[in-house]
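Chain by chain, the residues:
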Amino acid sequence: MPKTIDTQYGQISVADEVIATSAGFAAMECEGLASMASRRQVVDRLTEVFGRDNPGRGVEVRFADGSLHVDLYIVVNYGVNIYETAQTIRQKVHYLLSDTIGVEAESINIYVQGVKF
């Protein structure tokens, strides 16, 4: 279900995939993040087989009660402060969503799925 934003000129609809892709790109720019963890393993494996990149990998976008919720599933590098890395990712994603797309996320949840050595 796309997020609809009302402006003085009309409505703008932003697809869930756009929000997921933007959040994935923002997270990957953060120091300490090794990779995004796959939540839909079959779909992600097929995109890898066909040589396509999936920047929305590890990101789930939900709309509940009119508010946006973003879940990020990540793998961090060994030796980094996990809390600080998660906070940096949360701040970067929040800034990108509000500044670039113009949507405010009610919550940005980060789930650490593993550590890369």
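Within each chain, residues carry numbers counting from 1 in the order of the written sequence. Owing to the predicted nature of the model, reporting of local features is limited to residues with pLDDT of at least 70; listing and counting of side-chain atom pairs is limited to 80 or more, with chain, interface and lining totals taken over all residues. Only hydrogens and water are removed before side-chain values are computed, so all heavy atoms of the structure are retained for them.

Novice: I tried to follow the pattern of salt bridges on my own but got confused; where do I start?
Specialist: The term salt bridge refers to a side-chain nitrogen of Lys or Arg lying within 4 Å of a carboxyl oxygen of Asp or Glu. Evaluation of the coordinates by the stated rule reveals two salt bridges. Between Lys 92 and Glu 29 there is a salt bridge, and its shortest N-O distance comes to 2.9 Å. With Lys 92 in helix α3 (residues 82-101) and Glu 29 in the loop between α1 (16-28) and β3 (33-36), this residue pair connects regions lying 63 residues apart in the sequence. Owing to a relative accessible area of 58%, Glu 29 belongs among the exposed residues under this scheme. In this structure, the salt-bridge partner of Arg 62 is Asp 71, at a minimum N-O distance of 3.1 Å. With a 1.4 Å probe rolled over the protein chains alone, any residue whose accessible area is under 20% of its type maximum counts as buried; one over 50% counts as exposed, and the rest are partly exposed. Residue Arg 62 is classed as partly exposed on the basis of its relative accessible area, which comes to 36%. With relative accessibility at 4%, the residue Asp 71 sits in the buried group. Helix and strand assignments follow DSSP, with helices taken as H or I runs no shorter than four residues and strands as E runs no shorter than two, numbered in order from the N terminus.

Novice: I'm lost on the packing of aromatic side chains in this one. Help?
Specialist: When we look at a pair of aromatic rings, we describe it by the centre distance and by the angle of the planes. A pair of aromatic rings is counted whenever rings of Phe, Tyr or Trp (Trp by its six-membered ring) have centres within 6.5 Å, and the orientation is called stacked for planes under 30 degrees apart, edge-to-face for over 60 and tilted otherwise. Going through the model one piece at a time under the given rule, you end up with two aromatic pairs. Each ring, one from Tyr 73 and one from Tyr 111, has its centre 4.9 Å from the other, and the planes form 15 degrees; the classification is stacked. Of this pair, Tyr 73 sits in strand β5 (residues 67-77) while Tyr 111 sits in strand β6 (residues 105-116); the two residues are 38 residues apart in sequence, bridging distant segments of the chain. For the pair Tyr 78 and Phe 117, a centre-to-centre distance of 5.0 Å together with 35 degrees between the ring planes defines the contact as tilted. Note that Tyr 78 is positioned in the loop between β5 and α3 and Phe 117 in the segment after β6, a separation of 39 residues in sequence. Neither residue differs from the other here; Tyr 78 and Phe 117 are each classed as exposed.

Novice: Would you take a moment to explain the environment of Ala 15 for this structure?
Specialist: Mapping Ala 15 onto the fold places it in the loop between β2 (10-14) and α1. Residue class for Ala 15 comes out partly exposed when judged on its relative accessible area of 27%. Taking the C-alpha atoms as reference points, Ala 15 and Thr 4, separated by 11 residues in sequence, lie 8.8 Å from one another.

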